[in-house]
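So you can see what is in the structure, the chains are spelled out below.
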Amino acid sequence: TLKSIMASHITVFCALLCCSTVHSASVALKNAAQPGVMMPAIGLGTGGYGNSQYRPIGEYPECWSDGQPDYPGVKAGANCSANVIQSTVSWLKAGGRRIDNSDSYENYRTIGKAIKLSGVDRKDIFITSKVGSNLPMGYNETMQQVDDILEAYQSDYVDLVLIHWPQSNMKSTDPACSTSGSPKMCRASTWKALVERLNKKDILAIGVSNYNIDQIKEFEELGLELPSVNQIPFNPHLYMPQLDLVNLCQEKNIVINSYSPLGIPDWHKYPSAISTTGVLIEEPKIAEIAKAHSCTPAQVILAWQWKMGIVMNPRTMNVSHMTENMKSIDIELTSDEIKVMQSFMPDKCDSTNRWYECCGDPQVQASIPSCGKAEK
């Protein structure tokens, strides 16, 4: 029932939560993490979707590329390094203390420079990075990527490193990741490399991203230490599709970290069959709740997720939005408002490269023959 679901979420939330001020609200990382690692509730997402064309701050979709190729043979995006530096420095100076990044985001070297330029002490900043995805998975490849990440951030440790996706199409030297291997064993080999770096304290916590229920269960099946974090897309349209995964992870003390928590308003439009506006932060039902709390719709969405014990990575180059995002955790929604947030039509997405354009509900598919393709 809804009541039991919320009770479960609140119990887990209270067990994980350590909150004193808006800037220090955080959750304790468990499982594959060094003792005492705390992950700030709100992070700055740095993976943009408008990287192919230069746009200054204030124009959308945001360009987060620094114009440098992240790996051989791949064309770099536009040079928006000034955006990356200004936004990252602004976030840290505004009080933000967590940065969500990846060696596949076309900017991780520039993020490292921005951290130095901010003047904020490295020990006060929580950096998340990722391996794989647009780079190969496998033991040796993961070891090398961790070295590259440490060099890019000019740091002797990274707070959290995730396996970016459950599999990669990039060629690996690891037999477990070859055609004679299997995705399951490739994931395990990649994980063992991260565990080794965790034990050396090059990384303070390790986790995964975009893992589904079966892939989470693999850890115990293979006798591997559970991840500390599973980073997944989560927002009101993904509440029901992701709920079983969220519950499983929280039962196992795996923190859920939501990316695209606002539905990517600068890039993605939801199909008309599941959204009245196509843009989550423009939904009338959320606007009503925001008006009642004298806040923004984005803050309502983030407050709802935080109530579930979920930490979030909203991406923005707007300093006012950065501050609003951090203040969202102070907003207390009523039980009726929570029910509204849980009532949006689901976007049942499969893990494909068209994740955000998909709409897997059979009724939606029947009403939109082109379901799974971007609406024009």
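Here the structure is a predicted model, which is why all the values come from computation and not from measurement. (Residues numbered from 1 in each chain as written. Predicted model: local features only at pLDDT ≥ 70, side-chain atom pairs only at ≥ 80, totals over all residues. Heavy atoms only, no water.)

### Looking at the sheet that holds strand 5 (residues 98–100)
Whether parallel or antiparallel, the strands of a sheet pair through hydrogen bonds between backbone atoms. Pairing within the open sheet is parallel, and its eight strands lie in the order 4-5-6-7-8-9-10-11. Edge strands, defined here as strands with exactly one partner in the open sheet, are strand 4 (44–45) and strand 11 (311–313). As paired strands, strand 4 and strand 5 are joined by two bridges and run parallel to one another. By the bridge assignment, G45 is partnered in strand 5 with D100. Lying over the sheet, helix 2 (residues 81–93) contacts strand 4 and strand 5, oriented at roughly 150° with respect to strand 5. (Pairing = 2+ DSSP bridges. Helix = DSSP H or I, 4+ residues; strand = E, 2+ residues; numbered from the N terminus. Contact = heavy atoms within 4.5 Å. Axes fitted to C-alpha atoms, helices over the stretch in contact; angles between N-to-C directions.)

### Digging into unusual backbone geometry
The peptide bond linking Y60 to P61 adopts the cis configuration, its omega dihedral lying at 0°. Here N31, not a glycine, exhibits a phi torsion of approximately 60°, which is positive. When you line up the elements, N31 lands in the loop between strand 2 (26–28) and strand 3 (38–40). We note that I264 has phi near 55°; this positive angle belongs to a residue other than glycine. Structurally, I264 is set in the loop between strand 10 (255–259) and helix 8 (284–293). Judged by relative accessible area, I264 falls into the buried class, the value being 4%. (Buried < 20%, exposed > 50% of the residue type's maximum accessible area, 1.4 Å probe, protein only.)

### Topic: the state of the cysteines
If you walk through the whole model with that rule in mind, you get two disulfides. Disulfide pairing is shown between C63 and C80; the S-S distance is 2.0 Å. Residues C63 and C80 share a disulfide whose torsion about the S-S bond is about 95°; that sign makes it right-handed. Of the two residues, C63 sits in the loop between strand 4 and helix 2 while C80 sits in the loop between strand 4 and helix 2, which places them 17 residues apart along the sequence. Each member of the pair, C63 together with C80, is buried. A sulfur-sulfur separation of 2.0 Å characterises the disulfide bridge that pairs C177 with C186. (Disulfide = S-S within 2.5 Å.)

Interpretation in functional terms is not warranted from these geometric data alone.
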